[in-house]
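# Summary of the model geometry
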Amino acid sequence: MFYINSINDKRKGTFVLKIKGIFKYMLTATISLLFIFPIYFMIVTSISSKHDIEIGSLIPTNFDSSNWIELSKGYWISGIRNSLIISLSSVVLTLLVGFPAAYIFSRLKFTADKHLFFWLLTNRMAPPICFILAYIVMFRSLGLWDTIPGVVLAYSVFNIPIGIWLLVSFFSSVPREIDEQAFIDGFSMFEYWKKIFIPVVKGGIAVCSFFVWMFSWTEMLIASTLTSAKAKPLTVQLLITLGRVGYGVQFGLAAAAGVMTIVPGLALIYWARLYLAKGFTFGRL
Amino acid sequence: MWKSLEKYGALVVPAILVIIFVVLLPFIAVINYSFQTPYSGDQFVGFLHYRSLFKDERLQDVFTRNLLFTTIALLTEIPLGLGLAYCFYKPSKTSTITSMIIAIPALLPGVTIGLIWRLMIRSTGPIPVFLRNYLNYIFEPFINPSQAFWILIAVDIWHWTSLSFIIFASALAGLDPTPTLSARTEGATRWQIFRFIEVPSLKFPLIFITLIRFMDSFKIYDEPTVITGGGPGLATEFLSMYIKRLGLDQWQLGYASAISMIYLFVVLIACFILIQLMTKGRGLSS
């Protein structure tokens, strides 16, 4: 591998090192290109003219903003708005319901810790399609079908367990002595949360919110089956655009919508990179 | 402490209520459907649906395909992610930038990944053009079933190698350097260090990435739907897509429920066995 052994390096002389260095840079460049190029190609497609898209040119010959103008019209704006509302409400719901639960779980010893974790995993590994069959019927009869609250509620099947476990992993690192001290000083529990606990764990809350947001923003299967006209998020609109076969897919428009869907992830990646491993493993790493 | 925290135990109730509503009730409903013919006669049919599972050849094809897909994806993504993690886990400017770039796909929606790769592989896209012009290889995933399957695996690798990279890189960065240093002083080779020091301490991340990738790639839906739509023919139809078509498009709710029960059961059993085997029965609580 490219683990540079500092003792051996001195013996080997600079020539080998130089070759190694060049090789390493070439590898880095190739790998970065492999990951960047497909995304670059989508961005380019979104600003290319119809002719350029048809011949698949890698560099746009002339800038064409028609796709982006189309994207700023009513239909797409409502999708973006729905996506934003769904993701934000998912974060709020998860925090409202998950924060108190996570606090209790992190403070009370309970015997079923191991089992609870496996149960959480079962929620995450259960294929969503298994629940959707029931959601369709349930939500139709409750009037939740094709509404934003319905989608938010359906997403909580993943969001709440993941949110609780992420929060617990952050809360557990706050020593219980602080709780006890606050109690002796006469704080009520909610005062203690407001004045001390939440400021201490706000990093954890941010990470939890980010992951709940990302899940809700990127989800498509549940949303595509639970919405039809009013509550369609951006991902579902994108799917519909790509599914139109009759008169050819409008790849330029789809690419512009695709660029919109990747904005939150890209915008936060510099901050999020530090927490990605923790988030994807429910704070277990 | 506040007079017995137990008094505040009620704070857990909202979370439990939501979970009952979105997990437990649907689960019971699906079990119930699987013994009936809901919305087409509403009759109790016992194990009829479960018996007809064994005669369904399309289901067997789909299931085999899912297994094959998951196996290949896992066997590629995990070593690849580990290798990349070795290249870029040490803090330096280039590694930070490169690891950010590698991490991007893990944060993209599945639909968008599908779109990106459909752009790449459509007949005038860069990949078929490149293969035709430079390697003289005809690449037509929308006509050729096996090419369609392989491109879906490639897309999955592109999408999720990021995740195994992220997890391994953070695990490697958190390793205690002392054992490695002392082993090196005593003349251990790079391979020995890897085999006897790093692999044992990477065991937990390895278990985790295997689990997560197993469950996610088994329920794959977004990318095949967007890229191939299950075609050509039924060559890239996966289990989630099949259940969706049966249950929601053809409205055979009873039979679809029976399949999804088996599906759920297989995934849960497989994950349980994986956890038990890899942690030697200790569970994941460390």
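Criteria and cut-off values
Residues numbered from 1 in each chain as written. Chains lettered and ligands numbered in written order. Predicted model: local features only at pLDDT ≥ 70, side-chain atom pairs only at ≥ 80, totals over all residues. Helix = DSSP H or I, 4+ residues; strand = E, 2+ residues; numbered from the N terminus. Rg over C-alpha atoms; globule rule 2.2 N^0.38 Å. Buried ≥ 20, exposed ≤ 12 C-beta atoms within 10 Å, placed from the backbone. Contact = placed C-beta atoms within 7 Å. Axes fitted to C-alpha atoms, helices over the stretch in contact; angles between N-to-C directions. Parallel < 35°, antiparallel > 145°, perpendicular 65-115°, else oblique. Nonpolar A, V, L, I, M, F, W, Y, C, P; charged D, E, K, R; others polar. Core = buried A, V, L, I, M, F, W, Y, C linked by C-beta atoms within 7 Å. Domains from an automatic or database assignment. pLDDT = per-residue confidence, 0-100. Expected span 1.5 Å × (residues − 1). Bend = angle between axes of the 7 residues up to and from the residue. Left-handed = near helix turned anticlockwise from the far one by under 90°.

### Re the overall build of chain A
Helix and strand counts for chain A come out as 14 helices and 0 strands. When the helices and strands of chain A are placed in sequence order, the string is α-α-α-α-α-α-α-α-α-α-α-α-α-α. The C-alpha atoms of chain A give 24 Å as radius of gyration, which overshoots the globular expectation for 285 residues (19 Å, by more than 25%). Each of the three principal axes of chain A carries a C-alpha extent, and together these read 75 × 70 × 35 Å. By the burial criterion, 44% of the 285 residues in chain A qualify as buried. Considering only contacts within chain A whose residues lie at least 6 apart along the sequence, 76% involve residues at least 24 apart.

### Points about the packing of helix α7 (residues 128–142) of chain A against helix α1 (residues 13–33) of chain B
At their nearest, the axes of α7 of chain A and α1 of chain B sit 8 Å apart, and the two run at 95° to each other. The angle between α7 of chain A and α1 of chain B places the two elements in the roughly perpendicular class. The residues of α1 of chain B that touch α7 of chain A, namely those facing C130, F131, L133, A134, Y135, V137 and M138 of chain A, are L25, P26, A29, V30 and Y33 of chain B. Per-class residue counts for the contact of α7 of chain A with α1 of chain B are 12 nonpolar, no polar and no charged.

### Side note on the environment of S141 of chain A
Residue and element names in this part refer to chain A. Looking at the secondary structure, you find S141 in helix α7. Take S141: there are 9 C-beta atoms within 10 Å of it, and that puts it in the exposed class. Along the primary structure S141 and F35 are separated by 106 residues, whereas in three dimensions their C-alpha atoms are 45 Å apart.

### A look at unusual backbone geometry
Residue and element names in this part refer to chain B. If you check the backbone angles, N136 has positive phi at about 55° while not being a glycine. Note that N136 resides in the loop between α6 (126–134) and α7 (145–173). In this model, W251 sits at a positive phi of 60°, which is unusual for a non-glycine residue. Within the element layout of this structure, W251 appears in the loop between α12 (239–249) and α13 (253–279).

### Re the interface of chain B and chain A
If you look at the interface, chain B gives 76 residues, while chain A gives 80 residues. Of the residues contributing to the side of chain B that touches chain A, the split by class is 57 nonpolar, 15 polar and 4 charged.

### A closer look at the nonpolar core
With 147 residues, the main nonpolar core has L115 and I166 of chain B as its most contacted residues. Counting residues per element, this core draws most heavily on helix α8 (residues 148–171) of chain A, which supplies 16 residues. For this core, the domains that each give at least three residues are domain 1 (6–64) and domain 2 (68–280) of chain A. In this structure I166 of chain B touches L276, A277 and F280 of chain A together with A103 and A106 of chain B, once residues within four positions along its chain are discounted.

### Remarks on the environment of I31 of chain B
With respect to the secondary-structure elements, I31 of chain B resides in helix α1. When the C-alpha positions of I31 of chain B and A258 of chain B are compared, they lie 7.5 Å apart, and in sequence the two are 227 residues distant.

### Topic: the confidence of the model for chain A
Of all residues in chain A, 91% attain a pLDDT of 70 or more, and the chain-wide mean is 85. The secondary structure element of chain A with the lowest average pLDDT is helix α1 (residues 6–12) of chain A, at 52, and the one with the highest is helix α5 (residues 74–107) of chain A, at 92.

### Quick notes on the domain arrangement of chain A
All names here are of chain A. On domain assignment, one finds that chain A holds domain 1 (6–64) and domain 2 (68–280). The straight-line distance from the C-alpha centre of domain 1 to that of domain 2 is 33 Å. Broken down by secondary-structure element, the contributors of at least two residues to the side of domain 1 that touches domain 2 are α2 (14–46) and α3 (50–55). Looking at the side of domain 1 that touches domain 2 element by element, the count peaks at 4 residues for α2. Broken down by class, the residue content of the side of domain 1 that touches domain 2 amounts to 3 nonpolar, 3 polar and 1 charged.

### Description of α1 of chain B
A turn of α-helix holds 3.6 residues, and therefore any two residues three or four places apart point the same way. Along its 21 residues, α1 of chain B runs 28 Å from first to last C-alpha, staying within 8% of the 30 Å computed at 1.5 Å per residue. Of all bends in α1 of chain B, the biggest is about 40°, found at I20 of chain B. Summarising the contacts, the buried residues of α1 of chain B are in contact with α5, α7 and α8 of chain A together with α13 of chain B.

### A few points about the environment of T180 of chain B
Residues and elements named next belong to chain B. Secondary-structure assignment places T180 in helix α8 (residues 178–185). Sequence separation between T180 and F196 is 16 residues, and the spatial gap between their C-alpha atoms is 9.7 Å. Every residue in contact with T180, bar those within four places of it in the chain, is listed here: I193 and I197.

### Quick look at the packing of α5 of chain A against helix α10 (residues 189–218) of chain A
Residues and elements named next belong to chain A. Axis separation between α5 and α10 bottoms out at 9 Å; the angle between their running directions is 140°. One way to sum up the angle between α5 and α10 is to call them oblique. Along this stretch, α5 crosses α10, giving a crossing that reads as right-handed. Judged by residue contacts, S83, I86, S87, S90, V91, T94 and L95 of α5 engage I205, S209, V212, W213, S216 and W217 from α10. Considering only residue class, the contact of α5 with α10 consists of 7 nonpolar, 6 polar and no charged.

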